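# Summary of the model geometry
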Amino acid sequence: MIETDPFGKQLVAFLPNLRRFAISLCRSRDLADDLVQAACERALANTERFEPGTRFDAWLFRIVRNLWIDHIRRQRTAGPQEDIEQRQDLVGACGERDVEVRFTLNSVAQAITDLPDDQREIILLVCVEDLSYREAAGVLDIPIGTVMSRLARARKNLAEAVGINPGLPRSPVMKGENRNDKMRVC
Amino acid sequence: MIRCEFADETLMAFADGELDDATAAAIEKAMQSDIASRVALFLETRVQAKEALGPVLDEPVPDRLSQSVQRMIDEARRRSVPSDASERAHVVAFRARDNRAMPRPQASWIMPLAASLVAVVFGCGGYFFGFASQNQPHGLEVAGQDSPLSEALGQVASGEEAVLAGSTDRIRAVATFRDGAGSLCREFEIDSANRSTVISVACHSNHGWAVNFAVVAPARDGGYAPASSSEALDSYLAATGAHEPLSREDEAAALRSLGQ
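Residues numbered from 1 in each chain as written. Chains lettered and ligands numbered in written order. Predicted model: local features only at pLDDT ≥ 70, side-chain atom pairs only at ≥ 80, totals over all residues. Heavy atoms only, no water.

## Description of the confidence of the model for chain A
Residue and element names in this part refer to chain A. In plain terms, the rule: Here pLDDT means the predictor's own confidence in every residue, given as a number from 0 to 100. Residue contacts follow a heavy-atom distance rule, with two residues in contact if any of their heavy atoms lie within 4.5 Å.
Summing up the model confidence of chain A, the mean pLDDT is 78 and the portion of residues at 70 or higher is 71%. For residues 82–104, every residue scores under 50 in pLDDT, and the model assigns this stretch 45 contacts once sequence neighbours within four places are set aside. Every residue in residues 168–186 scores below 50 in pLDDT, and together they form 21 contacts with partners more than four places removed in sequence or on other chains.

## Thoughts on the confidence of the model for chain B
Residue and element names in this part refer to chain B. So the rule is basically this: The helix and strand labels rest on DSSP assignments: H or I over at least four residues marks a helix, E over at least two residues marks a strand, and numbering proceeds from the N terminus.
Per-residue confidence for chain B gives a mean pLDDT of 72; residues scoring 70 or more make up 63%. Confidence scores differ between elements of chain B, with strand β1 (residues 128–131) showing the lowest mean pLDDT of 39 and helix α1 (residues 8–15) the highest of 91. Under a pLDDT of 50 for its full length, residues 83–139 has, in the predicted model, 121 contacts with residues more than four places off or in other chains. Here residues 220–225 is modelled with pLDDT under 50, and outside its nearest four sequence neighbours on either side it reaches 14 contacts, counting other chains as well. This prediction of the complex comes with two scores: 0.52 for pTM and 0.73 for ipTM.

## What about the side chain of B:Lys50?
To keep it simple, the criterion reads: Think of it in three bands: residues with accessible area under 20% of the maximum for their type are buried, residues over 50% are exposed, and the middle band is partly exposed, with areas taken using a 1.4 Å probe on protein chains only. Polar contact is defined as a pair of N or O atoms within 3.5 Å, subject to the rule that within protein one atom must be able to donate a hydrogen and the other to accept it, and that residues adjacent in sequence are counted only when both atoms are side-chain atoms.
Of note, B:Lys50 is situated in helix α3 (residues 33–58). Exposure remark for B:Lys50: the relative accessible area of 6% places this residue in the buried category. A polar contact of 2.4 Å, which involves the side chain of B:Lys50, links it to the side chain of A:Asp130.

## Considering the packing of helix α1 (residues 6–13) of chain A against helix α4 (residues 63–79) of chain B
Note the threshold: To get an axis, fit a line to the C-alpha atoms, keeping to the stretch in contact for a helix; angles then go from 0 to 180 degrees between the N-to-C directions. Any angle that falls under 35 degrees is termed roughly parallel, while one over 145 is termed roughly antiparallel, one within 65 to 115 roughly perpendicular, and all others oblique. Amino acids are sorted into nonpolar (Ala, Val, Leu, Ile, Met, Phe, Trp, Tyr, Cys and Pro), charged (Asp, Glu, Lys and Arg) and polar (every other residue, Gly among them).
Remark: α1(A) packs on α4(B), axes separated minimally by 10 Å, with the N-to-C direction vectors making an angle of 170°. Regarding the angle of α1(A) to α4(B), the classification is roughly antiparallel. Contacts from A:Gly8, A:Leu11 and A:Val12 of α1(A) reach α4(B) at B:Val69, B:Gln70 and B:Ile73. Looking at the contact of α1(A) with α4(B), its residues break down into 4 nonpolar, 2 polar and no charged.

## Structural notes on the pairing of strand β5 (residues 184–191) of chain B
The side chains of a regular strand alternate, residue by residue, between the two faces of the sheet. All names here are of chain B. What counts here: A strand pair is defined by DSSP finding two or more bridges across the two strands.
Among the 8 residues that make up β5, 7 are buried, leaving the element largely enclosed by the rest of the structure. Bridge analysis of strand β4 (residues 170–178) against β5 gives 8 bridges, and the strand direction is antiparallel. What sits directly across from Ile 171, in β5, is Ile 190. Hairpin connection of β4 to β5: 5 residues between the antiparallel strands, including Gly 182 at a positive phi of 90°.

## With respect to the packing of aromatic side chains
Aromatic ring pairs are described here by two measures, namely the spacing of the ring centres and the angle between the planes. Residue and element names in this part refer to chain A. To be explicit about the condition: The aromatic pairing rule takes the rings of Phe, Tyr and Trp, using the six-membered ring of Trp, and pairs them if the centres are within 6.5 Å, calling planes under 30 degrees apart stacked, those over 60 edge-to-face and the rest tilted.
Applying the stated criterion across every chain yields a total of 7 aromatic pairs over all chains. Where Phe 50 meets Trp 59, the ring centres are 5.5 Å apart and the plane angle is 65°; that geometry is what we call edge-to-face. Exposure remark for Phe 50: the relative accessible area of 5% places this residue in the buried category. The exposure class assigned to Trp 59 is buried, which follows from its relative accessible area of 14%. Members of the aromatic cluster, joined through ring pairs, are Phe 7, Phe 14, Phe 50, Phe 56 and Trp 59.

Set out below in structure tokens:
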């Protein structure tokens, strides 16, 4: 059967994924919905830019992220009406943190939320959305080597934050490590 | 002691199935408990991250958003000419929305992973036996062909539970299936009275039953509980080319034939 509008259909199908990625980016459901809407608009206006044979969701994530970066940049240059600089708790300089989220998500989700922006987004793309390193590198516009070093750092931080330490006895010595203790590894 | 031959990036790529074969083979060769646990960290963080954010995917998309996107789609469709539409029909080879499966894992990471969990399994009652050799990927041999576990594996029908002889531990047979090589395998769980649940797969060969996969899901008091148990199992089953579970009748017949 010939699908009359596969692009639109797929866009709708990926809305939950786009929303999840956007929520993680800006840590606010309201902002995320606006972001996803803007991304869909841009995607629909640029359908010819999608390369067949590549992952549609990766393409969409890239649009979402670029719009978000634009948004942050504009906010930074737009002056003090949002006062983001004073909100020290918002690493991502995002408008409003959805407080209720903090209570409904589990500790792993919270730990992911608390990661630095660049580490959080890469965990989302690779671990949660199953993009390959190469695809993630394309979304983030960084070399694949940077994807790997950032992703490894992110996961070690996450593991430390939630106490993942598989295969090893949880001794006091292990617990005493901190994330800056790079010397332990090598 | 921590070994330093492999960078975190390399071990992570191994866990994610993104490593070239040669390096992957080198890691397998060098795989020892310390490296296995480092790899396991990356396996575990991936699974836990995915699991933690899974619920967000199940949230209904707000009407306001879905309606406005649908409106934009409709408008775009009106604007587009028919020939354009046929061109766009190429855009169909997407993955399913909720693709929960891990990417195909490195062909044989699962054995090293199992190795990293051996210590935990040892603590669980002595059904399992050490490796025949580090290099022989035959899994853990079940201690003795007439051991309680061997006996149970040959008798308990899937869906049923039994108490392992000589203990208070319970075995729950989950399914029987053939792996990619045609060996008869059984997925089962063992609950010990005061410990955790071991989720395991054992396959039968000429030498009897061997445990090829085992993860422990400990109680959730303080420490972390590996959310990866079932996903690790899924990955293992996918990696070994496991077939669909046998029907009750086929299972009974297959188990009978083992005893002969």
